[in-house]
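Chain residues, written in single-letter form:
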Amino acid sequence: MSSSDNKPYAAAIEGWHTMGAKPALIGTQCDECGSYFFPKQTQYCKNPQCESTDFTEVELSRRGHIWSYTNAGYKPPTPFVADDPFEPFAIAAVQLEKEQMVVLGQVVKGVGVDDLKVGLPVELVLEPLHETDEDIKLTWKWQPSEC
Amino acid sequence: MSNEIAILGAGMHPWGKWGHNFVQYGVAAAREALADAGVPWQDVKFISGGATMRCGYPGYVAGASIAQALGWQGAEVNTSYAACASGSQALAAARNKILAGECEVALVVGADTTPKGFLAPAGGYRPEDPDWVRFYLGITNPTYFALYARRRMDLYGDTLEDFAAVKVKNSLIGSKNPRARYRKCFTAEDVAASAMVADPLRLMDICATSDGGAALIVSSMEYARKIGKGNAPRVAAISTVTPTFASEVVEMPDIATDSAAAMGVEAHAYRASLPVKAYEEAGIGPEDVSLAEVYDLSTALELDWIEDLQLAPRGEAAALLRAGDTALGGKIPVNVSGGLACFGEAVPAQALAQVCELTWQLRGQAGDRQVEGAKVGITANQGLFGHGSSVIVTR
Ligand SMILES: [Zn+2]
C-alpha cells in the first residue's frame, strides 16, 4: 500500500490496530475473567475480582454505536500534527457491544457533527493522521455505516 | 455526630492571572482564615496543604512551603495531591489528625500559579502515556466535556440555550463576588457569539485556569466550644472514593473505558458515586441540601453534577435550571459563588474555595449572594486519574 506521492503508509501508533482491508483495533482479553483491554493490558488485570496475569491478544469489534460525539474546532497542541490550514474534524466515542466498552477516535474526513447522532452505527476504517518525511501515518477513525 | 470537625475560619486570595508565586496566595488566604477564626498562628499544630504540580519542588511540598512562609513554629505538616480533589484530601488529612486527638487546630491551604498558554504534554513518541496518545489523536480537554454535553442534548433534549443559561446564571451571581476573577454579567447572546471550541461547547461554556489561594482553619468541636464557637459550620462528611471497575464514562485522559464484559462486573459512573458516601457519612439525603457548589468545568457539566448529587432525577437538571430553581432564590441554588465559570480553575485551591463559600453561606455572611436559611451545603469535584471528592458542611 502506498500513497499517490509514493510515500508508504505506516501505523501512527504501532501495534494498536491491524493494517488490512477490514481493520480492527488490537486489544487484549483476560484469560481468566474475560475483560477486554484497549490499549492492550498484558501484566495485570484491572478487574478487582481477578488476579490474572495471562492475556490473549484479540481484535476488537469493528462495528459499534455512537455513545457521543463532538469536534475539534481549534488546532490541538502538539504532539498533534495539524494540516495547514487547520481543518476542524469530528470525534466520536463509540460503544462496542461485545466488549462492553467505549473507544474514542476521530471521525473520517468529510463527516461533521451534523451528520452524527447518539446511537448511530459506525465502523472502523483507517485514514491518514499526518505525514512525515518518510511515510504517511495512518490511524483508526469511525465512519457511519450502512446498517 | 462524633466524626465532625468545626470550620472556624475561611480565607481566599482573589482568583486572577496575577503571575505571583503560589506561596504568596497561600499566605494571604491563610492569614485571612486565621483572622476570621480569631486563632493565633502559634495554636495551629497541623498544616495540611494541597500540592501544585506547576511550581517546581516548593509546589510538591506546598504545605511546608506555606508553613515556612507563615513562620516555622514547630507544627506538623502534610501535603496532599489528588488533582482537583487535592484540597478535599488535605482537609481529610486534617480531620483525621483532629479526630485522632493528635491536634486541636489545623490549617488547610491550597494555592496555585498557572502558566500562560496551553499546557501541552511532554514531547517524543510515548504511546504508553494515555495523555500523549489522546493529544496525538487530537483529543483535548474540551473534547471530553463536549462528549458529555452532546450526550445530554441527544438523550435528554438539553439545548445550547440551556448551557448558555448556566453561564448567564453563574456570571450574574459571580459579578457580586469580590473574590471571583470574571465579574462581568454575560448574556446568552455573548455566549452564542463566542467561538465554537468543541461542538456544542463554545469558549464561554468552558472554564479557564487561574491563580488563586484558599484556606480553612478547622478544629475539634471541643476546641470550638472552648473559644465560644460551638455553633460554627461543621464538616459533616468528606468523600474521596475512587471509581469502581468498570468505568462507564470515558474520562480524561483515557482513550477508552474499561470493559464491563466480565461476569459480575457492571459499568459504574464515577461522578454519581462520589456523593453517595458523603450523604451516608453525614446521615442526610439530597432533600436536606440547601445549596451546592459543583465543578462546572463546562456549563453542561453543572447540569450533570446536579443529577449526580441527586438534586434532580437523571435528565431533569435542565428543567430545574429553566424554572430558576438553581439560581439564587430558587429551590436549590447551585454555584452561588459564581462557580468555575467566574473563578477559573486553580487546581489545589478549588475544592477548598468551594468549602469557603459554604462556610460563609452557612454563617449568613455571603452578602448579595446569600442563600436564605442555608443549613446544609455540599460540594463536588472530579479530576484526573480517579480523583474526586464531595464534602458536606452543616450548621
Ligand atoms: Zn481478569
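Predicted model, so just to flag it, every value in this text is computed and none were measured. (Residues numbered from 1 in each chain as written. Chains lettered and ligands numbered in written order. Predicted model: local features only at pLDDT ≥ 70, side-chain atom pairs only at ≥ 80, totals over all residues. Heavy atoms only, no water.)

**As for the overall build of chain A**
- Helices and strands together make up the secondary structure of chain A, namely zero helices and nine strands.
- Helices and strands appear in chain A in the N-to-C order β-β-β-β-β-β-β-β-β.
- Across its three principal axes, chain A shows a C-alpha extent of roughly 50 × 35 × 30 Å.
- Here chain A, with 147 residues, has 54% of them falling under the buried criterion. (Helix = DSSP H or I, 4+ residues; strand = E, 2+ residues; numbered from the N terminus. Buried < 20%, exposed > 50% of the residue type's maximum accessible area, 1.4 Å probe, protein only.)

**Brief notes about the sheet that holds strand S3 (residues 76-80) of chain B**
Residue and element names in this part refer to chain B.
- Taken together, nine strands build an open sheet; the order of strands is S3-S2-S4-S7-S1-S8-S11-S10-S9 and the sheet is mixed. Two strands bound the open sheet, and with one partner strand each, they are S3 and strand S9 (291-294). Within the sheet, the average angular offset between the axes of one strand and its neighbour, ignoring direction, is 20 degrees.
- Pairing between strand S4 (residues 105-112) and strand S7 (residues 211-219): eight bridges, direction antiparallel. Bridged to Gly-110 within S7 is Ala-214.
- Sheet contacts for helix H3 (residues 62-70): strand S2 (46-50), S3 and S4; angle to S3, the most-contacted strand, approximately 135 degrees. (Pairing = 2+ DSSP bridges. Axes fitted to C-alpha atoms, helices over the stretch in contact; angles between N-to-C directions. Contact = heavy atoms within 4.5 Å.)

**Description of the packing of helix H1 (residues 22-37) of chain B against H3(B)**
All names here are of chain B.
- Here H1 crosses H3 at 65 degrees, and the two axes come no closer than 9 Å. Relative to H3, the element H1 is oriented roughly perpendicular. The chirality of how H1 crosses H3 is right-handed. Here Phe-22, Val-23, Gly-26, Val-27, Ala-30 and Arg-31 of H1 lie close against H3, whose contacting residues are Ala-62, Ser-65, Ile-66, Ala-69 and Leu-70. (Parallel < 35°, antiparallel > 145°, perpendicular 65-115°, else oblique. Left-handed = near helix turned anticlockwise from the far one by under 90°.)

**Regarding the pairing of strand S5 (residues 63-72) of chain A**
Residue and element names in this part refer to chain A.
- A large share of S5 lies buried, amounting to eight of its ten residues.
- In the sheet, S5 pairs with strand S8 (residues 121-131) via three bridges, with the strands oriented antiparallel. Its bridge partner lying in S8, Arg-63 is registered against Glu-123.
- Two elements, S5 and strand S6 (residues 89-96), share seven bridges in a ladder whose sense is antiparallel. If you follow Ser-68 over to S6, its bridge partner there is Ala-93.

**As for the layout of surface pockets**
- The computed volume of the second largest pocket comes to approximately 1,000 Å³.
- Taken together, 43 residues make up the lining of the second largest pocket; nearest its centre are A:Lys46, B:Pro130, B:Asp254, B:Ala256 and B:Asp258.
- At the level of elements, strand S3 (36-37) of chain A together with helix H5 (130-136) of chain B are the ones that each hand at least two residues to the lining of the second largest pocket.
- Counted by class, the lining of the second largest pocket contains 23 nonpolar, twelve polar and eight charged residues. (1 Å grid on protein atoms, 1.4 Å probe; cavity = no way out; pocket = protein on both sides within 12 Å on 5 of 7 lines; lining within 4 Å. Points joined across faces, edges and corners; volume = space filled by probe spheres on them. Nonpolar A, V, L, I, M, F, W, Y, C, P; charged D, E, K, R; others polar.)

**Re the coordination of the zinc ion**
All names here are of chain A.
- Donor atoms from the polypeptide that coordinate the zinc ion comprise Cys-30 (SG), Cys-33 (SG), Cys-45 (SG) and Cys-50 (SG), at 2.3 to 2.4 Å from the metal.
- Counting residues between consecutive donors of the zinc ion along the chain gives the motif C-x2-C-x11-C-x4-C. Taken as a pair, Cys-33 in the loop between strand S2 (26-30) and S3 and Cys-45 in the loop between S3 and strand S4 (55-59) lie far apart in primary sequence, twelve residues in all. Side by side, Cys-33 and Cys-45 carry an identical accessibility label, which is buried. (Donors = N, O, S within 2.8 Å, 3.2 Å for Na, K, Ca; no water.)

**Some remarks on empty space enclosed by the protein**
Residue and element names in this part refer to chain B.
- In total, this model carries one cavity of 30 Å³ or more according to the counting rule given.
- Within this model, the largest cavity holds a volume of roughly 100 Å³.
- Glu-293, Ser-337, Phe-343, Ala-353 and Gln-354 are, among the 14 residues lining the largest cavity, the residues nearest its centre.
- Where the lining of the largest cavity is concerned, the elements lending two or more residues are S9, helix H13 (339-343) and helix H14 (347-363).
- For the lining of the largest cavity, the element with the most residues is H14, which contributes five residues.
- In terms of residue class, the lining of the largest cavity is built from six nonpolar, six polar and two charged.

**Quick notes on H14(B)**
Residues and elements named next belong to chain B.
- Taking 1.5 Å of rise per residue, 17 residues should cover 24 Å, and H14 covers 26 Å from first to last C-alpha, within 8% of that figure.
- Of all 17 residues making up H14, 17 are buried, and the element is well covered by its neighbours.
- With its phi angle positive at about 75 degrees, Gly-364 sits one or two positions after the end of H14. (Expected span 1.5 Å × (residues − 1).)

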